[in-house]
Amino acid sequence: QVQLVESGGGSVQAGGSLRLSCVASGSISSIGTMGWYRQGPGKQRQVVATITASDWTNYATAVQGRFTIFRDNAVNTVYLQMRNLTPEDTAVYYCNAGASSGGATVTYWGKGTLLTVSS
């Protein structure tokens, strides 16, 4: 089992910056790829950025060049540094982790943290 707890959400003005954090606990050694997803008002949850255990990263086109995902394995935390925020970034941001279990990959989710960007 893996538990994920996000923090860092809040309200910012357009053009501002914010950093989200996600602390993992439990079966840490089984975690591979981690990621951030978001669900805006009236929208489906969609991927924002992912990072593999080898620190390969991938970004959604909408955030490319503005967001940076990175992880600090020493403190079991994955971060999402967000810059030049726009109202379109308003969403609940969820942390995601894939963990190996008996030859399969189990997906875990945090409860989310809300980001509101005002114009």
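Up top you'll find the structure we're talking about.
Anyway, here's the lowdown on the structure attached to this text. (Residues numbered from 1 in each chain as written. Predicted model: local features only at pLDDT ≥ 70, side-chain atom pairs only at ≥ 80, totals over all residues. Heavy atoms only, no water.)

What to know about the sheet that holds strand E7 (residues 67-72)
Phase 1 of the analysis: Taken in spatial order, the four strands make up an open sheet running E1-E3-E8-E7, and their pairing is antiparallel. The sheet is open, and its two edges are formed by strand E1 (2-7) and E7, each paired on a single side. With strand direction ignored, the average angle separating the axes of adjacent strands in the sheet is 15°.
Phase 2 of the analysis: As judged from the six bridges shared by E7 and strand E8 (residues 77-82), these two strands associate in the antiparallel manner. If you follow Phe67 over to E8, its bridge partner there is Met82. (Pairing = 2+ DSSP bridges. Helix = DSSP H or I, 4+ residues; strand = E, 2+ residues; numbered from the N terminus. Axes fitted to C-alpha atoms, helices over the stretch in contact; angles between N-to-C directions.)

Notes on the side chain of Ser30
Phase 1 of the analysis: Relative to the assigned elements, Ser30 resides in the loop between strand E3 (18-26) and strand E4 (31-39).
Phase 2 of the analysis: Reaching out from Ser30, the side chain makes a polar contact with the backbone oxygen of Ser27 at a distance of 2.6 Å.
Phase 3 of the analysis: Those residues in contact with Ser30, other than ones at most four positions away along the chain, are Val2, Gly98, Ala99 and Ser100. (Polar contact = N/O pair within 3.5 Å; in protein donor to acceptor, adjacent residues only side chain to side chain. Contact = heavy atoms within 4.5 Å.)

Concerning the nonpolar core
Phase 1 of the analysis: Counting residues in each nonpolar core, the largest one holds 29 residues, and the members touching the most others are Leu4, Met34, Trp36, Leu80, Met82 and Tyr93.
Phase 2 of the analysis: If you list the elements that add at least two residues to this core, you get E1, E3, E4, strand E5 (46-51), E7, E8, strand E9 (91-101) and strand E11 (113-118).
Phase 3 of the analysis: Considering each element in turn, this core owes the most residues, five residues, to E9. (Core = buried A, V, L, I, M, F, W, Y, C linked by side-chain atoms within 4.5 Å. Buried < 20%, exposed > 50% of the residue type's maximum accessible area, 1.4 Å probe, protein only.)

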